[in-house]
Number of protein chains: 4
Amino acid sequence: MKKLKLGVIGTGRIGKVHIATLVQNVPQAEVVAVADLNIEGATEVAKGFGIETVYSNYKDVINHPEVEAIVICSPTDTHAQYIVEAARAGKHIFCEKPVDLSLEVIRGALEAVQKAGVKLMVGFNRRFDPNFLKIKQLVVEGKIGDPHILKITSRDPAPPPAEYSAVSGGMFMDMTIHDFDMARYIVGSEVTEVYVNASVLVDPEIGKVGDVDTAIITLSFANGAMGVIDNSRKAVYGYDQRVEIFGSKGMACADNNFPENHRYFASDGVHGSLPLNFFMDRYLEAYANEMKIFCEAVVNGLSLPVSGDDGLKSVAIALAAKKSNAEHRPVKLSEIL
Amino acid sequence: MKKLKLGVIGTGRIGKVHIATLVQNVPQAEVVAVADLNIEGATEVAKGFGIETVYSNYKDVINHPEVEAIVICSPTDTHAQYIVEAARAGKHIFCEKPVDLSLEVIRGALEAVQKAGVKLMVGFNRRFDPNFLKIKQLVVEGKIGDPHILKITSRDPAPPPAEYSAVSGGMFMDMTIHDFDMARYIVGSEVTEVYVNASVLVDPEIGKVGDVDTAIITLSFANGAMGVIDNSRKAVYGYDQRVEIFGSKGMACADNNFPENHRYFASDGVHGSLPLNFFMDRYLEAYANEMKIFCEAVVNGLSLPVSGDDGLKSVAIALAAKKSNAEHRPVKLSEIL
Amino acid sequence: MKKLKLGVIGTGRIGKVHIATLVQNVPQAEVVAVADLNIEGATEVAKGFGIETVYSNYKDVINHPEVEAIVICSPTDTHAQYIVEAARAGKHIFCEKPVDLSLEVIRGALEAVQKAGVKLMVGFNRRFDPNFLKIKQLVVEGKIGDPHILKITSRDPAPPPAEYSAVSGGMFMDMTIHDFDMARYIVGSEVTEVYVNASVLVDPEIGKVGDVDTAIITLSFANGAMGVIDNSRKAVYGYDQRVEIFGSKGMACADNNFPENHRYFASDGVHGSLPLNFFMDRYLEAYANEMKIFCEAVVNGLSLPVSGDDGLKSVAIALAAKKSNAEHRPVKLSEIL
Amino acid sequence: MKKLKLGVIGTGRIGKVHIATLVQNVPQAEVVAVADLNIEGATEVAKGFGIETVYSNYKDVINHPEVEAIVICSPTDTHAQYIVEAARAGKHIFCEKPVDLSLEVIRGALEAVQKAGVKLMVGFNRRFDPNFLKIKQLVVEGKIGDPHILKITSRDPAPPPAEYSAVSGGMFMDMTIHDFDMARYIVGSEVTEVYVNASVLVDPEIGKVGDVDTAIITLSFANGAMGVIDNSRKAVYGYDQRVEIFGSKGMACADNNFPENHRYFASDGVHGSLPLNFFMDRYLEAYANEMKIFCEAVVNGLSLPVSGDDGLKSVAIALAAKKSNAEHRPVKLSEIL
């Protein structure tokens with residue numbers, strides 16, 4: 001079997017997830033080198049997965065002669081630069097979302113990719129979650145008919161530290177960006193306008209750094225559909241990730257995943273378990289699927305299911321959302337793009 | 001509209017249910033007289049429903065010249081006699097289950113009905129519950145294929161007083177008899193053998209009067225299917241009434257009914273309401289449906305959906321169950337019938 | 001038992017529903033007279049329910065000396081006038097929603113009610129649906145904590161004739177008005193701002209008369225909560241009525257009601273029944289509950305659970321929604337009220 | 001970290017599952033050698049998982065000086081012999097179920113294990129399924145109270161070839177044996193009596209070799225509880241594995257697992273996906289959990305959660321079931337053990 005030789009930049013939480021998938025579940029993948037500024041951490045991860053080559057400098061991974069594809073799991077502000085360098089080195093690229101917080105910077109990275117003729121996939125893992133894959137399939141098969149109303153509920157179990165919001169670009173950029181991508185993916189059409197009703201209801205510290213923690217976001221799509229996303233940074237019952245699509249021929253909804261399916265009937269009511277609470281548990285299969293698909297597509301010269309443009313668009317919608325919230329009015333994407 | 005003029009014997013709990021249905025929900029019905037030894041109770045019921053004629057003697061209802069059909073809601077030990085007298089008076093009959101505890105007595109009553117050429121329907125109301133109607137429909141439509149395994153769960157919220165068991169004929173005769181009828185109804189075939197594993201797990205007093213309160217009952221059917229009924233006199237979470245049929249082409253199951261469909265997600269789990277707890281709530285629609293169907297069928301000269309033979313067979317299975325439990329062995333229906 | 005003597009104006013669809021409840025399910029009620037311009041229809045209804053007095057002129061009901069309370073089920077444009085006349089005649093009033101399409105007219109009617117010292121209840125029946133009652137109860141008990149996000153899905157099985165929209169005041173006034181009331185009821189706070197994203201996706205004829213058939217409506221509440229309503233005039237799978245409330249301590253959602261709870265497992269998937277498709281089936285209990293509560297409250301001198309101000313507020317929100325849609329911007333309620 | 005060095009005998013389907021778990025998911029495990037008569041197959045499996053030592057003779061694995069524990073995945077008729085040899089070689093043992101079809105042979109193997117002072121765990125993987133673990137936990141916590149009724153539904157998607165039944169010991173020995181173990185596990189008490197109602201409803205070829213394919217099995221437990229297992233060799237809708245326990249304080253049930261949680265509402269009904277159809281998908285987590293627990297327990301000198309006696313008891317119940325079916329009567333375990 002032809003194997004894809006990969007180098008991974010960044011061995012933090014998400015880097016480890018991808019390395020585990022590549023080593024344990026993707027027979028066509030071979031991780032030949034990893035890099036992280038935290039060389040001790042990287043060394044420990046590498047050892048655990050039987051990877052022999054560890055660098056502190058990401059350039060060493062990019063320039064490793066055997067490495068054919070780079071998996072970028074470093075902080076957001078390094079993504080674009082690493083994409084450019086990897087592209088110039090002729091390496092295929094998998095990059096975690098968001099590509100960057102600036103559309104200009106993203107465009108620069110995408111140009112480098114295009115010029116180099118390498119493949120780039122952005123890590124919108126939720127597209128590969130079995131629930132949402134099924135919803136998408138029903139849309140594609142025409143079972144929903146013309147999409148009219150999309151509903152996404154996306155709530156985190158607990159807010160990040162308030163200071164994270166400054167670095168991350170804020171809730172729309174670090175959290176809702178997944179939902180913006182999901183919205184485009186499920187509806188199969190571009191977002192044309194955004195209206196945001198957002199507030200600080202969870203943690204006043206978040207408000208102090210200029211971010212919000214609760215929001216209802218209305219979307220308009222080019223094909224006439226409309227959509228709504230509701231977000232909260234804190235759902236006390238855990239990670240809440242649901243999608244519903246309603247159209248001329250029917251409606252499909254995807255519920256959360258639960259650790260098991262028991263029901264307990266006692267004299268005081270019927271009780272069940274909470275949904276899977278951690279994004280790595282909920283999206284375990286999604287992370288594995290996306291990495292498998294990336295490797296298979298690169299090895300077999302197929303097109304990738306998430307493009308650089310998908311990365312650009314989700315950031316553009318997030319910027320429109322921030323503008324809508326700031327100016328308290330609907331904002332057209334054409335004002336941003 | 002042609003109306004059926006009815007007389008009701010017995011104005012206790014179940015009598016009131018039927019009267020309410022007849023007065024409020026069956027346009028084709030007119031209750032012209034009621035009777036109960038407890039004349040005060042009967043008078044109050046009659047007044048509440050605008051019924052003018054009240055008797056203490058059931059014979060007056062049977063002999064009332066306008067009455068065309070008799071609804072028998074009196075104690076079990078009077079059923080057969082009243083059936084015989086009503087039949088001889090040329091009146092159609094709806095009789096609560098069981099017809100009697102003795103097969104011989106039942107046979108006598110059914111002969112009187114046949115000789116008189118009147119119609120008789122036995123009150124197996126659960127056949128008219130929307131859940132079980134749907135299951136039956138799927139069987140009849142062939143969606144299940146050949147039935148292989150029938151499962152009935154039937155548990156009461158609380159046991160009756162122990163002394164009731166002596167009068168009622170015991171759990172198999174007063175409670176499981178509904179399940180025996182349901183089993184024949186859903187599978188569409190006769191029970192040929194019964195095996196009972198029963199015990200006293202709920203209330204030792206029940207054991208003292210020679211009855212059981214918990215049982216697993218295995219059935220064999222003439223068409224090759226097999227079935228199992230599990231009973232308890234006490235489910236602390238309420239009335240539990242479920243049916244499942246499994247066959248060569250599929251499986252259908254009916255869950256309990258709930259007062260509403262909310263789910264509450266808190267930090268300690270997901271919670272919902274208990275099933276409807278009272279048989280009159282759970283089977284409200286079933287009671288109304290059976291009385292409507294009885295009246296419509298009599299008025300229009302149609303055949304009735306529950307026959308006297310159905311009443312006989314369920315008692316025969318209950319007797320086989322008692323024998324199986326007493327002798328700790330499978331008992332063929334041919335030993336009983 | 002003290003009985004409330006009622007007169008019903010309007011014996012169309014909703015009039016019949018209320019009469020049936022009053023006659024069959026409210027022991028404290030007595031319907032002494034009904035009126036409808038369609039005297040044949042009114043006579044037939046009256047006969048079916050044993051009501052002896054039938055008029056073609058509503059004034060005869062209002063002025064009937066025995067009548068203590070008036071149930072107004074006539075077309076919307078007569079509501080305010082009948083309220084005023086009934087109030088002046090010293091009769092208590094139950095009025096179907098909306099009270100009127102004009103805030104000024106409503107205010108006039110409410111003043112007449114206040115001056116007369118009679119009681120007025122507006123027919124927001126959904127508040128009395130067991131599902132939504134349970135959600136409200138969880139909010140009131142503090143189980144949700146501070147409400148953050150309210151979600152209402154409200155979709156009709158089929159659009160009304162396009163011409164109806166002109167008379168009715170349009171979708172926001174005839175359909176979403178229920179959801180506006182539900183939003184205020186569940187959140188327990190006033191709506192302060194509305195933003196509408198609406199379109200014609202179901203039937204172009206609806207667009208021709210200036211109305212919409214699909215909408216996402218974002219609400220802001222005085223207590224800091226936010227909400228979203230999604231509407232469609234046509235859900236091919238039937239009547240879709242769900243509510244979800246999310247807050248600092250938990251989340252509660254109410255699903256649709258189904259005719260029964262079966263699941264059918266075949267080789268091609270798991271199948272179940274569609275939700276109750278007709279609003280009279282779905283809200284049967286709600287209609288009965290509201291009429292019982294109205295009668296009990298009037299007889300016992302208690303306060304009514306839906307006030308005239310509730311009727312006013314829901315119309316004001318509908319007007320804000322229309323303005324938001326027309327001007328494509330968020331509209332504050334203070335611009336309307 | 002202290003690692004447990006394991007040798008695996010048998011690299012067929014279940015052998016591969018265990019090897020994959022050990023290599024990929026159990027950090028404390030190291031597979032140092034595998035053996036299979038089919039040396040080509042074994043070599044391929046070994047290569048895929050980076051295992052260097054492959055034998056055709058199982059003795060070489062048992063006698064491998066580094067091997068501390070043996071995982072026996074060979075055909076049933078070799079289990080007892082390999083257990084004896086492994087025990088004599090001082091190796092700990094994980095053995096697939098059933099240990100053997102003969103109680104005498106099992107007893108001999110267990111004696112060898114005891115004499116050698118090694119640890120033995122029998123592969124009742126379903127005990128480690130998250131659904132059934134949750135049910136067991138509720139029982140252990142006293143949430144069910146005294147267990148009264150246990151219900152197990154266990155249906156395979158398709159029958160094995162008829163000839164398999166001869167080798168396997170028949171349905172009770174190869175399929176229901178899992179349910180017998182589950183019954184003892186959930187109820188926490190020994191089975192004292194078995195009654196079987198079984199038949200050939202799926203495939204006449206199965207009947208020709210003297211086996212059955214459909215059964216209802218009633219169990220009595222030493223603690224007074226009773227139980228019922230229903231089995232079919234062919235559920236057209238897939239693998240159906242459910243457990244319910246009912247007791248004095250409540251009831252808990254575990255539903256099947258589904259690949260995702262979507263619902264699709266179309267004009268013809270509500271539709272969802274079938275349960276996970278393959279036992280390796282349904283019990284993926286269970287297989288991984290059992291192997292992790294085995295390794296951890298051996299490394300840390302802890303007691304194992306499934307004993308040799310558990311292996312013996314399940315076979316004894318299966319033999320009682322065969323006898324009950326043959327003799328058409330309830331059979332006490334004391335007749336067998």
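Being a predicted model, the structure only gives us computed values, none of them experimental. (Residues numbered from 1 in each chain as written. Chains lettered and ligands numbered in written order. Predicted model: local features only at pLDDT ≥ 70, side-chain atom pairs only at ≥ 80, totals over all residues. Heavy atoms only, no water.)

Draft legend 1. Inspection of the pairing of strand 7 (residues 147-155) of chain D at higher detail. All names here are of chain D. Counted residue by residue, strand 7 has nine buried out of nine residues, so it is predominantly covered. Pairing geometry for strand 7 and strand 10 (residues 226-232), over seven bridges, is parallel. Within strand 10, the position partnered with L150 by the bridge is G227. (Buried < 20%, exposed > 50% of the residue type's maximum accessible area, 1.4 Å probe, protein only. Helix = DSSP H or I, 4+ residues; strand = E, 2+ residues; numbered from the N terminus. Pairing = 2+ DSSP bridges.)

Draft legend 2. Focus on the relation of the copies chain C and chain A. Relative to chain A, chain C is turned by 180 degrees and slid 0.0 Å along the rotation axis, the superposed coordinates differing by an RMSD of 0.0 Å. Accordingly, the operation relating the two chain copies is best matched by a two-fold axis. Closest to the rotation axis within chain C is the C-alpha of C:R329, separated from it by 3.0 Å. A symmetric contact is evident, with 100% of the interface residues of chain C recurring at the interface of chain A. (Least-squares fit on C-alpha atoms with pLDDT ≥ 70 in both. Contact = heavy atoms within 4.5 Å.)

Draft legend 3. Representation of the interface of chain C and chain A. In this assembly, 41 residues from chain C lie in contact with 41 residues from chain A. Together chain C and chain A conceal approximately 3,000 Å² of surface at their shared face, both sides included; 65% is due to carbon and sulfur atoms. If you sort the residues of chain C by the area they bury against chain A, C:I216, C:M226 and C:F246 come out on top, with a joint share of 19%. Viewed at the interface, chain A and chain C are joined by six salt bridges. A salt bridge links A:K151 to C:D230, with the shortest nitrogen-to-oxygen separation between them at 3.8 Å. Along the contact surface separating chain C from chain A lie eleven residue pairs in polar contact (both at pLDDT 80 or more). At the level of elements, strand 7 (147-155), strand 8 (191-199), strand 9 (214-221), strand 10 (226-232), strand 11 (240-247) and strand 12 (250-254) of chain C are the ones that each hand at least two residues to the side of chain C that touches chain A. Partitioning the side of chain C that touches chain A into residue classes produces 16 nonpolar, 14 polar and eleven charged. (Buried area = accessible area lost by both parts, 1.4 Å probe. Salt bridge = Lys/Arg side-chain N within 4 Å of Asp/Glu carboxyl O. Polar contact = N/O pair within 3.5 Å; in protein donor to acceptor, adjacent residues only side chain to side chain. Nonpolar A, V, L, I, M, F, W, Y, C, P; charged D, E, K, R; others polar.)

Draft legend 4. A look at the packing of aromatic side chains. Within the structure shown, the criterion is met by 34 aromatic pairs over all chains. Seen in terms of ring centroids, C:Y239 and C:Y283 are 5.9 Å apart; in terms of plane orientation they differ by 90 degrees. Their pairing is edge-to-face. In this pair, C:Y239 sits in the loop between strand 10 and strand 11 while C:Y283 sits in the loop between helix 11 (279-282) and helix 12 (284-300), placing the two residues 44 residues apart along the sequence. Of the two residues, C:Y239 and C:Y283, neither departs from the other in class, the shared state being buried. Here the aromatic cluster, defined as three or more aromatic residues joined through ring pairs, consists of A:F132, A:Y239 and A:Y283. Its guanidinium or amino end placed over the ring of A:Y185, A:K136 lies 4.9 Å from that ring's centre, counting from NZ or CZ. (Phe/Tyr/Trp six-rings, centres within 6.5 Å; stacked < 30°, edge-to-face > 60°. Lys NZ or Arg CZ within 6 Å of the ring centre and 35° of its normal.)

Draft legend 5. Looking closely at the interface of chain A and chain D. Of the residues lining the interface, 27 residues belong to chain A; the matching set on chain D comes to 27 residues. Buried surface at the junction of chain A and chain D, both sides included, amounts to about 2,000 Å², of which 53% is carbon and sulfur. When the buried area of chain A at its contact with chain D is split by residue, A:Q24, A:N261 and A:Y264 rank highest and sum to 28% of it. Connecting chain A to chain D are zero salt bridges. At the junction of chain A with chain D, the criterion picks out 15 residue pairs in polar contact (both at pLDDT 80 or more). Elements that contribute at least two residues to the side of chain A that touches chain D include exactly helix 1 (13-25), helix 6 (130-140), strand 12 (250-254) and strand 13 (262-266) of chain A. The residue inventory of the side of chain A that touches chain D, partitioned by class, reads twelve nonpolar, nine polar and six charged. By the bridge criterion, five bridges tie strand 12 of chain A to strand 13 (residues 262-266) of chain D in an arrangement that is antiparallel. In the sheet register, A:G250 faces strand 13 of chain D, and the bridge partner there is D:A266.

Draft legend 6. Focus on the side chain of D:D310. Residues and elements named next belong to chain D. The residue D310 is located in helix 13 (residues 308-327) in this model. On the basis of relative accessibility, which here comes to 10%, the residue D310 falls in the buried class. Among the polar contacts listed, one links the side chain of D310 to the backbone nitrogen of S307, at a separation of 2.9 Å. Residues in contact with D310, not counting those within four places in the same chain, are F124, R127, D181, R184 and P305.

Draft legend 7. Structural view of the environment of D:K97. All names here are of chain D. On the secondary structure map, K97 appears in the loop between strand 5 (92-95) and helix 5 (103-116). Along the sequence, K97 and I72 sit 25 residues apart, while their C-alpha atoms lie 9.5 Å from each other. Once residues within four sequence positions are removed from consideration, K97 is found in contact with H79, V122, G123, F124, D174, I177 and H178. Engagement of the side chain of K97 in a polar contact is seen with the backbone oxygen of D174, the distance being 3.3 Å.

Draft legend 8. Representation of unusual backbone geometry in the model. Residue C:P98 follows C:K97 across a cis peptide bond; omega there is -10 degrees. In this structure, B:H328 takes a positive phi of about 50 degrees despite not being glycine. Looking at the secondary structure, you find B:H328 in the loop between helix 13 (308-327) and strand 15 (331-332).

Draft legend 9. The arrangement of the relation of the copies chain A and chain D in detail. With an axial shift of 0.1 Å and an RMSD of 0.1 Å, the rotation relating chain A to chain D amounts to 180 degrees. Counting the interface residues of chain A, we find that 100% of their copies in chain D are interface residues as well, pointing to one common contact surface.

Draft legend 10. Representation of the sheet that holds strand 6 (residues 120-122) of chain D within the structure. Residues and elements named next belong to chain D. The strand order 3-2-1-4-5-6 describes an open sheet built from six strands, whose pairing is parallel. The sheet terminates laterally at strand 3 (53-55) and strand 6, the two strands that pair on one side only. Averaged over neighbouring strand pairs, the angle between their axes works out to 20 degrees when direction is ignored. Inspection of the sheet shows strand 4 (residues 69-72) paired to strand 5 by four bridges, in the parallel sense. Following the sheet pairing, I70 is matched in strand 5 by I93. (Axes fitted to C-alpha atoms, helices over the stretch in contact; angles between N-to-C directions.)

Draft legend 11. Just the sheet that holds strand 6 (residues 120-122) of chain C, in detail. Residues and elements named next belong to chain C. Pairing is parallel in the open sheet, where six strands are placed in the order 3-2-1-4-5-6. Edge positions in the sheet fall to strand 3 (53-55) and strand 6, since each has one partner strand and no second. Averaged over all pairs of adjacent strands, the angle between strand axes in this sheet comes to 20 degrees, irrespective of strand direction. Of the pairings in the sheet, the one linking strand 1 (residues 4-9) to strand 4 (residues 69-72) comprises four bridges and is parallel in character. Its bridge partner lying in strand 4, I9 is registered against I72. The strands touched by helix 12 are strand 1, strand 2 (29-35), strand 4, strand 5 (92-95) and strand 6; relative to strand 1, the strand with the most contacts, the crossing angle is about 130 degrees.

Draft legend 12. Structural view of the nonpolar core. Of all hydrophobic cores here, the largest spans 108 residues; its most connected members are A:L22, A:I93, A:F172, A:V194, A:L219 and A:F294. The element contributing the most residues to this core is helix 12 (residues 284-300) of chain A, with eight residues. Every residue in contact with A:V194, bar those within four places of it in the chain, is listed here: A:I217, A:T218, A:L219, A:I317, A:A320, A:A321, A:S324, A:R329, A:P330, A:V331 and A:L333. In this structure, B:I51, B:A69, B:V212 and B:Y287 belong to the second largest nonpolar core, which totals 107 residues. (Core = buried A, V, L, I, M, F, W, Y, C linked by side-chain atoms within 4.5 Å.)

Draft legend 13. Focus on the pairing of strand 2 (residues 29-35) of chain A. All names here are of chain A. Burial analysis of strand 2 places six of its seven residues in the buried class, the great majority of the element. Two strands pair when backbone bridges link them, and strand 1 (residues 4-9) and strand 2 are joined in this way by six bridges, in the parallel orientation. If you follow I9 over to strand 2, its bridge partner there is A35. Taking the sense of rotation as the criterion, the β-α-β connection linking strand 1, helix 1 and strand 2 turns out right-handed. Summarising the sheet, strand 2 and strand 3 (residues 53-55) pair through three bridges and their orientation is parallel. Paired with A33 across the bridge in strand 3 is T53. Once the chain exits strand 2 it traverses helix 2 (residues 39-48) before rejoining the sheet at strand 3, and the crossover so formed is right-handed. (Right-handed = clockwise from strand over helix to strand, strands pointing away.)

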